[in-house]
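Read off the chains here:
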Amino acid sequence: MKNILLLIIVYALAFAGAADAQQAWKNARHSVVAGIGGNIFMGDLGGGDENGGHFFNFKDLDPGFFKISTMLGYKYRLADRLGAKFTFTFSKVAADDANATNPARRARNLNFKSNLAEFGIGMDYYFLREKEIPRYSSEGNFWKKWSGYFTVGLSLLHFNPMGKYEGHWYELQPLCTEGQGTGVEFSVSEGGNEYVVAAADQYKLTAISIPVGVGFKYQVTRDVSLGIEFVQHFTTTDYIDDCSSYYFNYNDFPDITPPSEMTTIFADRRGSVPGASSATTGSKRGNSGYNDTYFTTAFTVHYRFLK
């Protein structure tokens, strides 16, 4: 009888311990995170030898325009390996064709800078389970304190591109540098084909961003962890840098008045480059086949509110 009773007690304690381990994540549902790092813009302006792609392209980066990025967030654990989050990210982006190694971009001679404010929701999936450090055992094991996760989100993005001319910065969206809002149709010749396109509507300064990435965390204490996060931000706009499709020469349309005297200056900067001639309406200014993206790297600090 005593042996049976002892066996029951042992099994009960073992089951209780396993249940506690499986439910430990419920004692740390709420956490906050802060991060700081940098980002590189990937759009039509600046860059390296190759034209930009829709995903990270090492050959189309200009390290000289690595700008600051900061992040704040709140996370709520839905399950052992799954969490939801609300985040706010503030970043700076910039590019300048004058620094590009691609000859065609250097001749285009455009530049821009913009602040990016991004507020969104997202999900984290832990492919390496988030660690629950025991009070006593394994606390000194370095590798057992690491966790890793995939992250994806949906954000509202605000931007406002500005261009520099003779030492002064000007907002580019109101200038309609590609004839936005005129509705004018003009001929375009690409790849041996010729067709007619119409000038686009004036673009909005808000868009959707879809951040996708991966992160790692090291559990320093039971409630504090340090980490690093790599995120590619795909967007629904090609105008973060105010460059997307074709040149629009207002001089070709005398019945249309440019929105500003600065419009013609920023619409075509080729004339100020030695050996480069002014562009004609319908010639290629950007690549509208891909929307703008940017890549952020952030060092993060996480704090869990334990029960």
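So, how was this worked out
Residues numbered from 1 in each chain as written. Predicted model: local features only at pLDDT ≥ 70, side-chain atom pairs only at ≥ 80, totals over all residues. Heavy atoms only, no water. 1 Å grid on protein atoms, 1.4 Å probe; cavity = no way out; pocket = protein on both sides within 12 Å on 5 of 7 lines; lining within 4 Å. Points joined across faces, edges and corners; volume = space filled by probe spheres on them. Helix = DSSP H or I, 4+ residues; strand = E, 2+ residues; numbered from the N terminus. Nonpolar A, V, L, I, M, F, W, Y, C, P; charged D, E, K, R; others polar. Buried < 20%, exposed > 50% of the residue type's maximum accessible area, 1.4 Å probe, protein only. Lys, Arg positive; Asp, Glu negative; His and termini not counted. Salt bridge = Lys/Arg side-chain N within 4 Å of Asp/Glu carboxyl O. Polar contact = N/O pair within 3.5 Å; in protein donor to acceptor, adjacent residues only side chain to side chain. Contact = heavy atoms within 4.5 Å. Pairing = 2+ DSSP bridges. pLDDT = per-residue confidence, 0-100. Phe/Tyr/Trp six-rings, centres within 6.5 Å; stacked < 30°, edge-to-face > 60°.

Here's the deal with empty space enclosed by the protein
For the coordinates displayed, the defined rule picks out four cavities of 30 Å³ or more. Every element with two or more residues in the lining of the largest cavity is listed here: strand E2 (67-77), strand E3 (82-96), strand E4 (111-128), strand E5 (146-158), strand E11 (224-235) and strand E12 (293-305). Residue composition of the lining of the largest cavity, by class: eight nonpolar, ten polar and four charged.

Overview of the side chain of Asp-238
Its location among the elements puts Asp-238 in the loop between E11 and helix H3 (263-267). For the buried Asp-238, which has no salt bridge, the nearest side chain bearing the opposite charge is Lys-284, at an N-O separation of 8.8 Å. In this structure the side chain of Asp-238 is engaged in a polar contact, spanning 2.7 Å, whose partner is the side chain of Ser-244. Among all residues touching Asp-238, those that are not within four sequence positions of it are Asp-44, Cys-243, Ser-244, Asn-287, Ser-288, Tyr-290, Asn-291 and Asp-292.

Regarding the pairing of E3
Sheet topology places E2 next to E3; nine bridges connect them, and they run antiparallel. Directly across from Tyr-74, in E3, lies its bridge partner Phe-86. Hairpin remark: E2 followed by E3, antiparallel, with four residues in the connecting loop. By the bridge criterion, 15 bridges tie E3 to E4 in an arrangement that is antiparallel. Within E4, the residue paired with Ala-94 across the bridge is Lys-113.

A few points about the confidence of the model for the protein chain
The predicted coordinates should not be examined in detail at positions where pLDDT is low. Summary statistics for the protein chain give a mean pLDDT of 85 and a share of 82% for residues scoring 70 or more. Least confident of the elements in the protein chain is helix H1 (residues 2-23), whose mean pLDDT is 44; most confident is E5, at 97.

Here's the deal with the pattern of salt bridges
When the charged atoms of two side chains with opposite charge come close together, those side chains can pair. For the structure shown, the criterion picks out nine salt bridges. As a salt-bridge pair, Lys-85 and Asp-124 come within 3.1 Å of each other at their nearest N and O atoms. Taken together, the residues span a long stretch of sequence, with Lys-85 in strand E3 and Asp-124 in strand E4 at a distance of 39 residues. Lys-85 gets classed as buried once you look at its relative accessible area, which sits at 10%. Taking the shortest distance from any N to any O, the salt bridge between Glu-130 and Arg-304 comes out at 3.7 Å. Linking Glu-130 in the loop between E4 and E5 with Arg-304 in strand E12, this pair joins segments that are 174 residues apart in sequence. Looking at Glu-130, the relative accessible area reads 5%, which means it is buried. Three or more residues are tied together by salt bridges with common partners; here these are Arg-77, Asp-80, Arg-129, Glu-130, Lys-217 and Arg-304.

Re the packing of aromatic side chains
Scanning the entire structure with this criterion turns up 14 aromatic pairs. Taking the centre distance of 5.3 Å and the plane angle of 50 degrees together, the rings of Trp-146 and Tyr-218 count as tilted. Of this pair, Trp-146 sits in strand E5 while Tyr-218 sits in strand E10 (residues 206-219), and the two are 72 residues apart along the sequence. Taking the relative accessible area as the measure of exposure, Trp-146 reaches 28% and is therefore partly exposed. Where Phe-159 meets Tyr-203, the ring centres are 6.4 Å apart and the plane angle is 15 degrees; that geometry is what we call stacked. Linking Phe-159 in the loop between E5 and strand E6 (162-165) with Tyr-203 in the loop between strand E9 (193-198) and E10, this pair joins segments that are 44 residues apart in sequence.

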